[in-house]
Amino acid sequence: MSDPKQQATSEPQPGTEATSVSSRQQTHVKPPPTLAWIQSRVHDIYSAAKHLPPDSKSVTISKSAYTELYTAIFDYLVFDKQSSAHLKGEDLYRGLEREIRIYCSDIRHVFSSKETQENDKDENAAERLLTAYVVQYERFLSLTNLVRNILGFVKRHWIKRELDEKRKDVYTIEDLHRKLWKEETLQIQKDEPLSQELQALTAAATVLRGKAGGKTAEEKDQVEGVVKSLSSLGLSIDGHLEAT
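Residues numbered from 1 in each chain as written. Predicted model: local features only at pLDDT ≥ 70, side-chain atom pairs only at ≥ 80, totals over all residues. Heavy atoms only, no water.

Working definition: an aromatic ring pair is given by the centre-to-centre distance plus the angle between the planes. Tallied over the full model, the rule gives 10 aromatic pairs. When the ring of Y133 is compared with that of W181, the centres are 6.0 Å apart and the planes differ by 65°; the resulting orientation is edge-to-face. Placement of the pair is Y133 in helix α6 (residues 123-150) and W181 in helix α8 (residues 173-185), with a sequence separation of 48 residues. Here Y133 matches W181 in class, with each residue buried. Residues Y137 and W181 carry aromatic rings whose centres are separated by 5.3 Å and whose planes lie at 65° to one another, so their mutual orientation is edge-to-face. Of the two residues, Y137 sits in helix α6 while W181 sits in helix α8, which places them 44 residues apart along the sequence. Feature note: the residues Y46, Y103, Y133, Y137, F140 and W181 constitute an aromatic cluster, connected by ring pairs. (Phe/Tyr/Trp six-rings, centres within 6.5 Å; stacked < 30°, edge-to-face > 60°. Helix = DSSP H or I, 4+ residues; strand = E, 2+ residues; numbered from the N terminus. Buried < 20%, exposed > 50% of the residue type's maximum accessible area, 1.4 Å probe, protein only.)

Spelled out as structure tokens, the structure:
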């Protein structure tokens, strides 16, 4: 991954030159390879995020890779005349949905391992669990922001139109990430709001809050980080556990 200074934080305007993978003429004549390339690059971003160093919270790509992918998406939606814009947007969105779901499902194993959950009275295990969760969730936020910017053209056009038409299975890129984190990482379902994963976080936070002799500043930050992350998902720890 690139230096954090190269993290993509704004959307470049699509240029006039073709990407190195598929020219606009090629996209017009034969769009499937362009779609396959886009999907493979999006897959690479999520895959790389899963293999960052344990304490790394920032997901970045180089400026050239960012621009190339953004432009390929623009070309695919604008210059492919063989299928409707609706179908093309749907393809990109569903491909993204699959990648997020796989990513979140894989991350769940970090919190369901015996090492972190076998004894919720073990202060070290509680600290490991909360530390792992906070790092992974902050990394996920960074990943969400990066992908939201890369898919800016899809967001402004296809997603906006689908939301305006009240599609029930389409969400903003941010909401899609939050939804799938809840469903896959925390295993939160509408008919089962308190999952084993959420209970494990609750138990770990309770252990640190009840630690004899008080809490260190780092432990307070861990509990606060978990509470804030769950709040951003519309959840709480036991409905009453405070961050302080």
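Take the confidence of the model for the protein chain next. Across the protein chain, pLDDT averages 79, with 73% of residues at or above 70. Highest mean pLDDT in the protein chain belongs to α8 (96); lowest belongs to helix α5 (residues 114-117) (48). When the criterion is pLDDT under 50, residues 1-20 qualifies, and its contacts beyond four places in sequence or with other chains add up to 44 contacts. Confidence drops under a pLDDT of 50 for residues 239-244, and excluding neighbours within four residues, the segment shows 12 contacts in the predicted structure. (pLDDT = per-residue confidence, 0-100. Contact = heavy atoms within 4.5 Å.)

Moving on, we get to the environment of H109. Here H109 lies in helix α4 (residues 85-112). For H109, a relative accessible area of 45% gives the class partly exposed. In the structure, H109 is positioned 88 residues away from E197 in sequence and 10.0 Å away in space, judged by C-alpha atoms.

The next subject is the layout of surface pockets. Computed from the structure, the largest pocket encloses a volume of approximately 190 Å³. Together, Y171, K179, K182, E183, I188, Q189 and K190 line the largest pocket. Here the lining of the largest pocket is composed, by residue class, of 2 nonpolar, 1 polar and 4 charged. (1 Å grid on protein atoms, 1.4 Å probe; cavity = no way out; pocket = protein on both sides within 12 Å on 5 of 7 lines; lining within 4 Å. Points joined across faces, edges and corners; volume = space filled by probe spheres on them. Nonpolar A, V, L, I, M, F, W, Y, C, P; charged D, E, K, R; others polar.)

Unusually for a residue other than glycine, K166 sits at a positive phi of about 65°. A positive phi is found at Q187, a non-glycine position, where the angle reads about 55°. Tracing the backbone shows Q187 in the loop between α8 and α9 (196-209).

It is worth spelling out the nonpolar core at this point. Counting 61 residues, the largest nonpolar core has I38, I73, L96, Y133, I150, W181 and L186 as its most contacted members. Only α2 (32-50), α3 (63-79), α4, α6, α7 (152-164), α8, α9 and α10 (217-232) provide two or more residues apiece to this core. The element contributing the most residues to this core is α6, with 11 residues. Leaving out residues up to four positions away in the same chain, L186 has contacts with Y133, W181, S195, E197, L198, L201, L230, L233 and L235. (Core = buried A, V, L, I, M, F, W, Y, C linked by side-chain atoms within 4.5 Å.)

With that out of the way, let us pick up the pattern of salt bridges. Under the criterion given, the structure shown has 19 salt bridges. Two residues, E90 and R167, come together in a salt bridge whose shortest N-O distance is 3.4 Å. Residue E90 is found in helix α4, and its partner R167 is found in the loop between α7 and α8; the two are separated by 77 residues along the sequence. Its relative accessible area of 17% is what places E90 among the buried residues. For D169, the salt bridge identified is with R94, shortest N-O distance 3.0 Å. With D169 in the loop between α7 and α8 and R94 in helix α4, the pair connects residues that are 75 residues apart, well separated along the chain. Members of the salt-bridge network, linked through shared partners, are E90, R94, E97, R161, E162, R167 and D169. (Salt bridge = Lys/Arg side-chain N within 4 Å of Asp/Glu carboxyl O.)

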